[in-house]
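Structural overview for review
The primary structure of each chain is shown beneath.
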Amino acid sequence: PAPADIIWEDFLPKGSAQVQHARESLGYFFVALLFVLFVPIVLWIAAIARWESLHATFGNLGFGQDPFAYSQEHYPEQVALWNGLVGTVVLTALMTTVPSFLMWIFSVFLVLK
C-alpha cells in the first residue's frame, strides 16, 4: 500500500511500557473471555433450537394446556419450520458478531506489529 494509506499510529504503543503491558494483558483476557462465553451460548442456542427441547424445558408455562404440545399437534408445519430455521439463523447471527468483537479488542488493546 501507499505510505499515505497506512495508519502509522496503530504501530506505535500507547503510553509507557507498563501501561502497554497492562493493555495487552487485558486484550488477551478479553479474547479468552470471548471464547469461554461463546461455547455456553452456542450450546444454549442448540438446546432451544429444537421444539421438543423447548417443550421439555419450559413445559406448559402456567397455562391450562401445554402450548408446545398444542402447537405440535395442530401446527406441525410451524414446528418443522422452527426446527429447521431457528438454530441456523440464530447461530449465523451470533457468528457474524465474533469478528466485530475481535476487531474491537485488537484495535483498542493491542498494538499491531
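Refer to the structure above for everything that follows.
The notes below deal with the structure included here. Predicted model, so just to flag it, every value in this text is computed and none were measured. (Residues numbered from 1 in each chain as written. Predicted model: local features only at pLDDT ≥ 70, side-chain atom pairs only at ≥ 80, totals over all residues. Heavy atoms only, no water.)

**Observations regarding the overall build of the protein chain**
Counting its regular elements, the protein chain contains four helices and zero strands. Listing each helix as α and each strand as β along the protein chain from the N terminus yields α-α-α-α. For 113 residues, the compact-globule formula gives about 13 Å, and the C-alpha radius of gyration of the protein chain, at 23 Å, lies well above that figure. Counting only C-alpha atoms and orienting by the principal axes, one finds that the protein chain spans roughly 65 × 35 × 15 Å. A burial count over the protein chain gives 21% of its 113 residues as buried. Within the protein chain, counting contacts between residues at least 6 apart in sequence, those at least 24 apart form 68% of the total. Surface summary for the protein chain: the accessible area is close to 8,200 Å², and the carbon and sulfur share equals 74%. A distance of 16 Å separates the average location of the 4 positive side-chain charges in the protein chain from that of its 8 negative side-chain charges. (Helix = DSSP H or I, 4+ residues; strand = E, 2+ residues; numbered from the N terminus. Rg over C-alpha atoms; globule rule 2.2 N^0.38 Å. Buried < 20%, exposed > 50% of the residue type's maximum accessible area, 1.4 Å probe, protein only. Contact = heavy atoms within 4.5 Å. Areas by Shrake-Rupley, 256 points an atom, 1.4 Å probe, with all protein chains shown as cover. Lys, Arg positive; Asp, Glu negative; His and termini not counted. Charge placed at Lys NZ, Arg CZ, Asp CG, Glu CD.)

**Some thoughts on the environment of S53**
Structurally, the position occupied by S53 is in helix α2 (residues 51–58). A polar side-chain atom of S53 sits 2.7 Å from the main-chain carbonyl oxygen of R50. (Polar contact = N/O pair within 3.5 Å; in protein donor to acceptor, adjacent residues only side chain to side chain.)

**Observations regarding a nonpolar patch on the surface**
The grouping of L26, F29, L33, L37 and I41 at the surface amounts to a nonpolar patch, some 420 Å² of accessible area in total. Summarising the element assignment, I41 is placed in helix α1 (residues 17–48). (Patch = residues over 30% accessible without salt bridge, like charges linked within 9 Å, V, L, I, M, F, W, Y side chains within 5 Å. Salt bridge = Lys/Arg side-chain N within 4 Å of Asp/Glu carboxyl O.)

**Some thoughts on the nonpolar core**
Most often, soluble globular proteins keep nonpolar side chains buried together rather than apart. In terms of nonpolar packing, the biggest core is built from nine residues, these being V31, L34, F38, I45, L94, V98, L102, I105 and F109. Contributions of two or more residues to this core are made by α1 and α4 (76–109). Top contributing element to this core by residue count: α4, with five residues. (Core = buried A, V, L, I, M, F, W, Y, C linked by side-chain atoms within 4.5 Å.)

**Structural notes on α1**
The first and last C-alpha atoms of α1 sit 47 Å apart over 32 residues, in line with the 46 Å expected at 1.5 Å per residue. Within α1, burial applies to Q20, E24, G27, V31, L34, F38 and I45. Buried residues along α1 sit in contact with α4. (Expected span 1.5 Å × (residues − 1).)

**Here's the deal with the packing of aromatic side chains**
Inspection of the entire model under this criterion finds seven aromatic pairs. Seen in terms of ring centroids, F30 and F109 are 5.2 Å apart; in terms of plane orientation they differ by 50°. Their pairing is tilted. In this pair, F30 is assigned in helix α1 and F109 in helix α4, connecting sequence segments 79 residues apart. The exposure class assigned to F109 is buried, which follows from its relative accessible area of 12%. Through a chain of ring-to-ring contacts, the aromatic side chains of F29, F30, W104 and F109 assemble into a single cluster. (Phe/Tyr/Trp six-rings, centres within 6.5 Å; stacked < 30°, edge-to-face > 60°.)

**Side note on the packing of α1 against α4**
With their axes 10 Å apart at the nearest point, α1 and α4 run at an angle of 180° to one another. Relative to α4, the element α1 lies roughly antiparallel. For the contact of α1 with α4, the per-class residue count stands at 22 nonpolar, three polar and two charged. (Axes fitted to C-alpha atoms, helices over the stretch in contact; angles between N-to-C directions. Parallel < 35°, antiparallel > 145°, perpendicular 65-115°, else oblique. Nonpolar A, V, L, I, M, F, W, Y, C, P; charged D, E, K, R; others polar.)

**Overview of the side chain of D66**
Along the polypeptide, D66 turns up in the loop between α2 and α3 (67–74). One polar contact links the side chain of D66 to the main-chain amide nitrogen of F68, over a distance of 3.2 Å.

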